[in-house]
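# Inside the fold
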Amino acid sequence: MKDCIIVGGGPAGLTTALYLARFLRSVMVFDAEEGRARMIPETHNLSPFPDGISGRALLDRMRSHAELYGAEIITETVSTVEKKDDVFHVTTDYRVEVAHNIIFASGVVNRRPPLSSSSHDQGLKRGLIRYCPVCDAYEIRGKRVAVLGNGAHGFAEARFLRDYSPTVTLVPPDGSRAKAKDGIGVLESPMKSLALSDAHVIVTLEGGETRHFDTLYVALGTTACSDLADRLGVHLSEDRCVVSDAKQKTSIERVYAIGDVTDGLDQIASAMGQAALAATAIHNDLPRRILG
Ligand SMILES: Cc1cc2nc3c(=O)[nH]c(=O)nc-3n(C[C@H](O)[C@H](O)[C@H](O)COP(=O)(O)OP(=O)(O)OC[C@H]3O[C@@H](n4cnc5c(N)ncnc54)[C@H](O)[C@@H]3O)c2cc1C
């Protein structure tokens, strides 16, 4: 019986694991290794890393740090979380583990642009494809920016980016026409296809003409990885994020949620802050350990 099992080993899950292990609690993390942090080519808004660090290198450090204090981190996908006899049973393809507390740190998945996965991954690496203006708009100052999106969400991202570049163009993914406003440009005719060269994003219009951009922000929204929490009966928001209180507690006792899977600013710094709050709440609610 563990004090806590964490579903997801991104920045959120690994930070809680570190805190709980240092609180002398038994903690196990299951991680499918497919999260958003893993996609980051190089982050420049984490203050301990002024020269930047890749998402993978960051996760490796965080994992080793948590393991140093005894956290068990297992690369397996959790298929169910059930409450039986007042404890939580966590099942993967290879085992069933039980715990007094559960933390969902399972993140969200970004909807992707119409590109093959190898072209997408190359584009991400080269900074041609981006997902997070809050994270890296600073890096695209003065460049020609396309925003793949429409509706209020696409427009909000374009407007945010307009503070960094005089050339921001909204590109609806579905062939619809956007309206030019607030200094944001639109295409003369709908997009027919999208491609990447070594240095550019190439949008082909329905008439056959092409437009070139230096970078493309994908503003197609995300899907929260909240199905396991939903099946357990945890309350979700309208957009299927897990609803949690100021201590990251959900609608079910001893079930917590942290990081992108909750409603909030999807950033590493906020995921880590939520992780510290959840770990401390769990530690304080567990029976005290009286040392002899
Ligand atoms: C391209 C890109 C660049 C970004 N750049 C920055 C940046 O510079 N700075 C910044 O602060 N933020 C950045 N972000 C956002 C940042 O990545 C997220 O806010 C952060 O990763 C959230 O951490 P998390 O632990 O909640 O989720 P994630 O990092 O997504 O981790 C969730 C983990 O849970 C696992 N998981 C899900 N379901 C299961 C299951 N059933 N069983 C086991 N494991 C499961 C996933 O495989 C994954 O490993 C960027 C995002 C993207 C996409």
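In this report, the structure presented in the accompanying data block is examined. (Residues numbered from 1 in each chain as written. Predicted model: local features only at pLDDT ≥ 70, side-chain atom pairs only at ≥ 80, totals over all residues.)

## Thoughts on the overall build of the protein
As a reminder of what qualifies: Numbering of helices and strands starts at the N terminus; helices are DSSP runs of H or I of at least 4 residues and strands are runs of E of at least 2. The exposure scheme places C-beta atoms from the backbone and then counts, for each residue, the other C-beta atoms within 10 Å of its own, assigning buried at 20 or more, exposed at 12 or fewer, and partly exposed in between.
Assigned secondary structure in the protein consists of seven helices and 17 strands. Counting across all 292 residues of the protein, residues that qualify as buried make up 38%.

## What about the packing of helix 1 (residues 11–22) against helix 2 (residues 55–68)?
Filter applied, for reference: Here an angle of 0 to 180 degrees is reported between the N-to-C directions of two axes, which are lines fitted to C-alpha atoms, with helices fitted over the stretch in contact. For classification, angles of less than 35 degrees are called roughly parallel, those exceeding 145 degrees roughly antiparallel, those between 65 and 115 degrees roughly perpendicular, and all remaining angles oblique. Rotating anticlockwise by less than a right angle from the far helix to the near helix defines a left-handed crossing, while the corresponding clockwise rotation defines a right-handed one. Residues are defined as contacting one another if the C-beta atoms placed from their backbone atoms lie within 7 Å.
For the pair helix 1 and helix 2, interaxial distance at closest approach is 8 Å and the crossing angle is 20°. By the angle between their axes, helix 1 is roughly parallel relative to helix 2. Between helix 1 and helix 2 lies a crossing of left-handed hand. Listed contacts from helix 2 to P11, L14, A17, L18 and A21 of helix 1 are M62, R63, H65 and A66.

## Considering the sheet that holds strand 14 (residues 210–213)
Stated formally: When DSSP finds two or more bridges between two strands, those strands count as paired.
One open sheet accounts for three strands, arranged 12-13-14; its pairing is antiparallel. The open sheet has two free edges, formed respectively by strand 12 (191–196) and strand 14, since each of these has just one partner strand. Between one strand axis and the next, the sheet turns by 20° as a mean value, whatever way the strands run. Sheet analysis places strand 12 next to strand 13 (residues 201–205), joined by five bridges and oriented antiparallel. Pairing of S193 across the sheet is with T204, part of strand 13.

## Here we look at unusual backbone geometry
Not every positive phi belongs to a glycine, and D86 is a case in point at roughly 70°. Inspection of the secondary structure puts D86 in the loop between strand 4 (80–84) and strand 5 (87–91). A count of 8 C-beta atoms within 10 Å places D86 in the exposed class. For D182, which is not glycine, the phi torsion reads 50° and is therefore positive. The class for D182 is exposed, based on 9 C-beta atoms found within 10 Å.

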